[in-house]
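Single-letter residue listing:
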Amino acid sequence: MVLLHVLFEHAVGYALLALKEVEEISLLLPQVEECVLNLGKFHNLVRLVAFSPFASSQIALENANAVSEGVVHEDLRLLLETHLPSKKKKVLLGVGDPKIGAAIQEELGYNCQTGGVIAEILRGVRLHFHNLVKGLTDLSACKAQLGLGHSYSRAKVKFNVNRVDNMIIQSISLLDQLDKDINTFSMRVREWYGYHFPELVKIISDNATYCRVAQFIGNRKELNEEKLEKLEELTMDGAKAKAILDASRSSMGMDISAIDLINIESFSSRVVSLSEYRQSLHTYLRSKMSQVAPSLSALIGEAVGARLIAHAGSLTNLAKYPASTVQILGAEKALFRALKTRGNTPKYGLIFHSTFIGRAAAKNKGRISRYLANKCSIASRIDCFSEVPTSVFGEKLREQVEERLSFYETGDIPRKNLEVMKEAMVQAEEAAAEITRKLEKQEKKRLKKEKKRLAAIALASSENSSTPEECEETSERPKKKKKQKFQEVPQENGMEDPPVSLPKPKKKKSFSKEEVVSSDLEETGGSGSLPKKKKSFPKEESVIDPEEAGNRSVPKKKRKFSSKEDPLSSGPEETAGTKNSSSKKKKKLQKLAQED
C-alpha cells in the first residue's frame, strides 16, 4: 500500500502531513471536498507528521526564493529525509508546485504528485493550518505571511533609482502615442483652417509650424507688411514668409466668422503645447537613457534603444536575449507568418529604424542587421551588469559597426574585436575613475552643507535656550544699577544722605547724664552702621561738575569697575571720621562730669 504524504509550504515553516484512507480519497472526490470545509472531518483525514519552523525571516525568504525557482533547500531536504519512510518506492509525496516536485523527484528520488486530490487537500491544509500546528494562531500566521510577502516583493524590486528602466518604458510609449496624436490633431487643424486659407498647406509642411502660423495669422485679410517680421521668425525662412503674404492676398478660401477663428486658434494652441511637451519629453528620455543604458544609446540611438527595452519588458530581459532574438524583436507577426507559410523569415525588427541598415545596400541589409544585433546584445549586457555606467563601450561598438559597413562597401578590413575591447577597457577605467572622483566631490560638498546646517541648528537652539537666562540677567541689572548709582552719587557729589545725622560740634548744649548716655548710645549705634552702608563722605566736593554728571550714564562694565574702586577709596575716610567723633564724645563726657 502506497503511503500518501503532502508537503505544505507556509511563511512560518514547512509542514509534512500524512493522509489516511488513501483509496477512498482517490475514489470519492465529492466527499473529499466536504471534508475539507469541516475541521473535525479534516482532522480524521489528515494528520501532521512533522513541522519545521523557520529560524528567522531571512531564512524564510531564502526558502521562498528556492521554492519559487524550483530548487530544493537544505531545510526542506533535511525535513524530507528525516520524516519520510526509508523505502522510497512506497512513498507518494503530494506537492502544490510541479517545479519543486520535479526537483525533489530528481534529487531525493521520491515520487511526486500534483493536481487533483492533492490540490483539494492543500486547500484544506491552508484553511485549517493554524489549528493543525500547536502554538500557532491565525493572527501570527497572517503576520508571518504579510512580512514574508513584503520581503519577497522587495527582493524582486530594484532599489537603484538612477537605474530604473520603467520610466524609459513609459516615456517611449508616451512619446509614440504623442506622435500619433499630434499628427491626427495637426491634420484636423489643416482641414479646418484650409477652408479659409487653403494655400498655406502647400507652403508649410511641418505640423507644429503650420499650427503656430495659423494661430498667428487668424483672418488672412488682416495679414500685412507689419506682420512679416514676426512671420519670418515663425517660419524661419524669409522666402516662405513672403510667399504666405502673397498667397493671403490672392487666396481662394472662403470667409470665416470670428467665433470659428477663436475655436481654430484655441485648438491650434493645444496642438502647439502638445508638440512642445513632446520635445521636453524627448529631452527627458535622452537623459534617462544616458543614465540607464549609455552604451546602448551611444550605439543605436536613444529612441531605438528605448523601444528595444520597452519591447523586451526591461533592460535585464533584453540582456538575457540572444542576438538572433534582438535582431527580429518587433517583427514577431512576420516571423510566425513566415514559419506558418514556410516563407522567408524577417531580417530585422525594431533595429531597422537605426541609420546603419538604411545606409547599407540591399544585399547587405541582412548581414549588417545581424552584426548590429550582436553588438546591441553586448551593449545591453554591459549596461545591465556594469557598476559604473559609461558610454565608452557603446562608442567603440559603434565604430566597429561603421568599419563593418565600410568593409561591405569598400573592402577595407576592420580591426579585430580584441584590439577594440582592450582600448575600450582602458578608456572605461579612466572614465570610471573620473566618475567616482566627481561623485566623491559631490559627497564632500553634501557633507559640508550638512555640517553647516547642523551647526546653524545647534546655534539657534543654544540661543533659544539662553534667552530665559538673559531675561533673568536683565531683571537683576536694574537693581545693581540702583545700588551702583546709590554708591556713586555721594562720592561724586560729596553730599550726605538726608537720613544720616552727624553730630554738630559748634553748638554746645548742657544735657543730663541720662540724656548724654542715651544720645551716646544712639550716636555709637549710628556710627557703627555707617561703614556697612558706606554713606559717610567728605563735604569738600559739594559742587557737581557737568562732566561728572555725564559720567553717571556709564556702561555696565565701567560701573562695576567704579563700584569696586569706591569702597576702597571711601574706607579710610569713613574710619577716620568715626575715630574723630568718638574722641570728641569722650571729651564732652569728661567736661560734663567735672561740672557736676
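All values derive from a computational prediction rather than experimental measurement.

Of regular secondary structure, the protein possesses 27 helices and five strands. Counting only residues that meet the buried cut, the protein has 34% of its 596 residues in that class. Pairs at least 24 residues apart make up 68% of the contacts formed inside the protein by residues separated by at least 6 positions. Carbon and sulfur atoms form 55% of the exposed surface of the protein, whose accessible area is close to 37,400 Å².

Attention now goes to the nonpolar core. Ranked by size, the top nonpolar core spans 47 residues in total, and within it L296, L299, I300, I309, L318 and L372 carry the most contacts. Top contributing element to this core by residue count: helix α22 (residues 365-385), with eight residues. Split by domain, the residues of this core number at least three in each of domain 2 (166-282) and domain 3 (294-434). Contact partners of L296, with chain neighbours within four places excluded, come to G301, G305, I309, L318, C376, A379 and D383.

A few words on the packing of helix α4 (residues 57-69) against helix α9 (residues 138-156). As a packed pair, α4 and α9 sit with axes 10 Å apart at the nearest point and diverge in direction by 65°. Judged by the sense of rotation from one axis to the other, the crossing of α4 with α9 is right-handed. Contacts from A60, L61, A64, N65, S68 and E69 in α4 reach L148, S151, Y152 and K156 in α9. In the contact of α4 with α9, the residues fall into five nonpolar, three polar and two charged.

Below, the discussion takes up helix α6 (residues 98-107). Quick reminder: α-helices carry 3.6 residues per turn. Residues three or four places apart thus point the same way. Along α6, the residues that are buried comprise I100, G101, A103 and I104. Seen from one end, α6 has its buried residues packed into an arc of 165°, which puts them on one side. Turned more than 90 degrees away from the buried face of α6, the exposed residues are P98 and E106. Along its buried surface, α6 packs onto β1 (3-9), α4, α5 (74-83), β4 (91-94) and β5 (111-113).

Before going further, it helps to examine the pattern of salt bridges. Two side chains bearing opposite charge may form a pair once their charged atoms approach each other closely. All told, the structure shown has 18 salt bridges when counted by the stated rule. For E434, the salt bridge goes to R437, with nearest N and O atoms at 2.4 Å. Highlighted residues: E434 and R437, both in helix α24 (residues 417-493), separated by three residues, approximately one helical turn. One connected set of salt bridges, linked through shared partners, spans K396, E399, E403, R415 and E423.

Sheet architecture is open: five strands sit in the order β3-β2-β1-β4-β5, paired in mixed fashion. Since the sheet does not close on itself, it has two edges, and those belong to β3 (46-53) and β5, each with one partner. Taken over all neighbouring pairs, the strand axes of this sheet differ in orientation by 25° on average, direction set aside. Pairing geometry for strand β2 (residues 13-19) and β3, over seven bridges, is antiparallel. What sits directly across from G13, in β3, is P53. Against the sheet, α5 makes contact with β1, β2, β3 and β4, and its axis sits at roughly 25° relative to β2, the strand it touches most.

Once that is clear, we can look at a nonpolar patch on the surface. Residues W192, Y195 and M254 make up a contiguous nonpolar surface patch of roughly 370 Å² in combined accessible area. Checked against the element boundaries, Y195 lands in the loop between α10 (166-194) and α11 (200-203).

Before going further, it helps to spend a moment on the UniProt feature "coiled-coil region" (unreviewed entry) in the protein. Per the UniProt record, the feature "coiled-coil region" (unreviewed entry) sits at residues 418-457. When the span residues 418-457 is considered, its composition is 100% helix and 0% strand, and the gap between its end C-alpha atoms is 57 Å.

Glancing now at the packing of helix α13 (residues 228-235) against helix α14 (residues 238-249). In contact at an axis separation of 8 Å, α13 and α14 are set at 125° when each is read in the N-to-C sense. The angle between α13 and α14 falls in the class oblique. Taken as a pair, α13 and α14 cross one another with a handedness that is right-handed. Residues L228, L231, E232 and T235 of α13 pack against G238, K240, A241, K242, I244 and L245 of α14. The residue makeup of the contact of α13 with α14, split by class, is five nonpolar, two polar and three charged.

Structurally, S151 can be placed in helix α9. Within the local environment of S151, its side chain forms a polar contact with the backbone oxygen of L148, the two atoms lying 2.9 Å apart.

Together, K438, K441, K444, K445, K448, K449, K451 and K452 line one region of the surface with positive charge. Looking at where K445 falls in the secondary structure, it is placed in helix α24. By relative accessible area, K445 is classed as exposed at 58%.

This next bit is on the packing of aromatic side chains. With the rule as written, the count across this model stands at eight aromatic pairs. An aromatic cluster is built from F8, F51 and F129, whose rings are joined through pairwise contacts. When the ring centre of Y210 is taken as origin, the NZ or CZ atom of R190, which lies over that ring, is 4.7 Å away.

Residues E229, E232, E233 and D237 make up a contiguous surface patch of negative charge. Relative to the elements of secondary structure, E229 occurs in helix α13.

Our focus in this paragraph is the pairing of β4. By the bridge criterion, four bridges tie β1 to β4 in an arrangement that is parallel. The residue bridging L4 from the neighbouring strand is L92, located in β4. Pairing analysis gives three bridges linking β4 to β5, with the strands arranged parallel. Of the residues in β5, the one forming a bridge with L93 is C112. In this view, the connection linking β4 to its parallel neighbour β5 by way of α6 has right-handed handedness.

Our focus in this paragraph is α4. Here α4 is 13 residues long and its end C-alpha atoms lie 18 Å apart, about the 18 Å a rise of 1.5 Å per residue gives. Among all positions in α4, only A60, L61, N63, N65, A66 and V67 are buried. Next to the buried residues of α4 lie β1, β2, α5, α6 and α9. Directly after α4, the chain includes G70, whose backbone phi takes a positive value near 75°.

What follows deals with the side chain of Q327. Looking at where Q327 falls in the secondary structure, it is placed in helix α19 (residues 323-327). Apart from residues lying up to four places away in sequence, Q327 is in contact with K347, Y348, G349, I351, G366, S369, R370 and A373.

Quick look at the environment of I104 now. As for its placement among the helices and strands, I104 is situated in helix α6. For I104 and L76, which are 28 residues apart along the polypeptide, the C-alpha to C-alpha distance reads 9.5 Å. Contacts of I104, omitting those with residues within four sequence positions, involve L7, V72, L76, L80, L93, V95, G109, Y110 and C112.

Quick notes on the rules
Residues numbered from 1 in each chain as written. Predicted model: local features only at pLDDT ≥ 70, side-chain atom pairs only at ≥ 80, totals over all residues. Heavy atoms only, no water. Helix = DSSP H or I, 4+ residues; strand = E, 2+ residues; numbered from the N terminus. Buried < 20%, exposed > 50% of the residue type's maximum accessible area, 1.4 Å probe, protein only. Contact = heavy atoms within 4.5 Å. Areas by Shrake-Rupley, 256 points an atom, 1.4 Å probe, with all protein chains shown as cover. Core = buried A, V, L, I, M, F, W, Y, C linked by side-chain atoms within 4.5 Å. Domains from an automatic or database assignment. Axes fitted to C-alpha atoms, helices over the stretch in contact; angles between N-to-C directions. Left-handed = near helix turned anticlockwise from the far one by under 90°. Nonpolar A, V, L, I, M, F, W, Y, C, P; charged D, E, K, R; others polar. Arc of directions from axis to C-beta. Salt bridge = Lys/Arg side-chain N within 4 Å of Asp/Glu carboxyl O. Pairing = 2+ DSSP bridges. Patch = residues over 30% accessible without salt bridge, like charges linked within 9 Å, V, L, I, M, F, W, Y side chains within 5 Å. UniProt positions renumbered as here; feature names shortened; annotations may be inferred. Parallel < 35°, antiparallel > 145°, perpendicular 65-115°, else oblique. Polar contact = N/O pair within 3.5 Å; in protein donor to acceptor, adjacent residues only side chain to side chain. Lys, Arg positive; Asp, Glu negative; His and termini not counted. Charge placed at Lys NZ, Arg CZ, Asp CG, Glu CD. Phe/Tyr/Trp six-rings, centres within 6.5 Å; stacked < 30°, edge-to-face > 60°. Lys NZ or Arg CZ within 6 Å of the ring centre and 35° of its normal. Right-handed = clockwise from strand over helix to strand, strands pointing away. Expected span 1.5 Å × (residues − 1).

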